[in-house]
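Here is how the chains run, residue by residue.
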Amino acid sequence: MIMSTSIIKKNLLLEGKTKKIYATNNPFYVIVHYKDNITASNGLKNNFLQDKGIFNNEITTFIFNFLNSCGIRTHFVQKKNNREQLCHKVNMIPLEFVVRNIVAGSMSKRLGIKEGKYISNAIFEIFYKNDKLKDPLINDHHAVFLNIISYEELNIIYHIISNINKILKKFFLDKNIILVDFKMEFGKNDQNKILLSDEISPDTCRFWDKKTKKKLDKDPFRIGLKENILDIYMEILKRLNVIKN
Ligand code: UDP
């Protein structure tokens, strides 16, 4: 077990839209810092939202700790402070894996199917992370052709995301939350092992209240509603029992 206190934060390695990654004095670990930015439409909308980073750090910490305890291999080691996590250093695979249990968002638009239709065969989609191309939807063959990943690795990831979906669907349903869809990213560690990386939070998932179907994620921000997004994220933390009512 790594002693978090022996790890020292060093130089900034990279800065994305919502996170910063710092090197540490140990080449196998990085510090992930959650910023107070909220984005939508591939970064076209990018607002400052005071303290959002604290909420997403908290929620991702909870979910990654839970997934680690279920035997899913993730990059997450431990929360360092209210905005930072200690994580295994990985080489990110530039793909976003989306799992859909209910039709919403881009799938609803693309296929002209009303939001809310139940999908019995959870659908897996791949998006190629490329800002210039606006993260296009691709399939397995494109990903292999682009030399991003092999068919074997894709099979491993499909197995992992199917397990994660089963685990999280049940976990959230117990909290009266429907896991509509969510996005995952993966990286490879120094031994080439594939680890779930990035974050899982209301920024990267669609959560609906089981009874009222109220949106408990960043969809209100996506469509420009004035709703207080942090009240919604607080509601998720309450349902996870991280914050008491
Ligand atoms: N998603 C994400 N980052 C992205 C795009 C999508 O985390 O850059 C998540 C999103 O929160 C949702 C799921 O992936 O839970 C499916 O998103 P969709 O393809 O419907 O795109 P959207 O309409 O949300 O941009």
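A short tour of the structure in this document, coming up.

Scoring rules and cut-offs
- Residues numbered from 1 in each chain as written.
- Predicted model: local features only at pLDDT ≥ 70, side-chain atom pairs only at ≥ 80, totals over all residues.
- Heavy atoms only, no water.
- Helix = DSSP H or I, 4+ residues; strand = E, 2+ residues; numbered from the N terminus.
- Buried < 20%, exposed > 50% of the residue type's maximum accessible area, 1.4 Å probe, protein only.
- Lys, Arg positive; Asp, Glu negative; His and termini not counted.
- Salt bridge = Lys/Arg side-chain N within 4 Å of Asp/Glu carboxyl O.
- Contact = heavy atoms within 4.5 Å.
- Phe/Tyr/Trp six-rings, centres within 6.5 Å; stacked < 30°, edge-to-face > 60°.
- Lys NZ or Arg CZ within 6 Å of the ring centre and 35° of its normal.

### What to know about the side chain of Lys-218
Point 1. Among the secondary structure elements, Lys-218 is positioned in the loop between strand E14 (205-209) and helix H5 (219-222).
Point 2. Summary of buried charges: Lys-218 has no salt-bridge partner, and the nearest side chain of opposite charge, Asp-203, is 4.8 Å away.
Point 3. With sequence-adjacent residues up to four places away left out, Lys-218 is seen in contact with Ile-38, Thr-39, Ala-40, Pro-202, Asp-203, Ile-229 and Tyr-233.

### Things to note about the packing of aromatic side chains
Point 1. Summed over the entire model, instances satisfying the criterion amount to eight aromatic pairs.
Point 2. Plain terms: the ring middles of Phe-97 and Tyr-158 are 6.3 Å apart, the flat faces sit at 85 degrees to each other, and that makes the pair edge-to-face. Taken as a pair, Phe-97 in strand E9 (residues 95-102) and Tyr-158 in helix H4 (residues 151-173) lie far apart in primary sequence, 61 residues in all.
Point 3. For Phe-97, a relative accessible area of 1% puts it in the buried group.
Point 4. Judged by relative accessible area, which is 16%, Tyr-158 ranks as buried.
Point 5. Ring pairing ties together the aromatic residues Phe-62, Phe-66, Phe-171, Phe-172 and Phe-207, which thus form one cluster.
Point 6. A cation over a ring is seen here: Lys-9 above Tyr-22, with NZ or CZ 4.2 Å from the ring centre.
Point 7. Here the basic side chain of Lys-45 rests over the ring of Phe-221, its NZ or CZ set 4.9 Å away from the ring centre.

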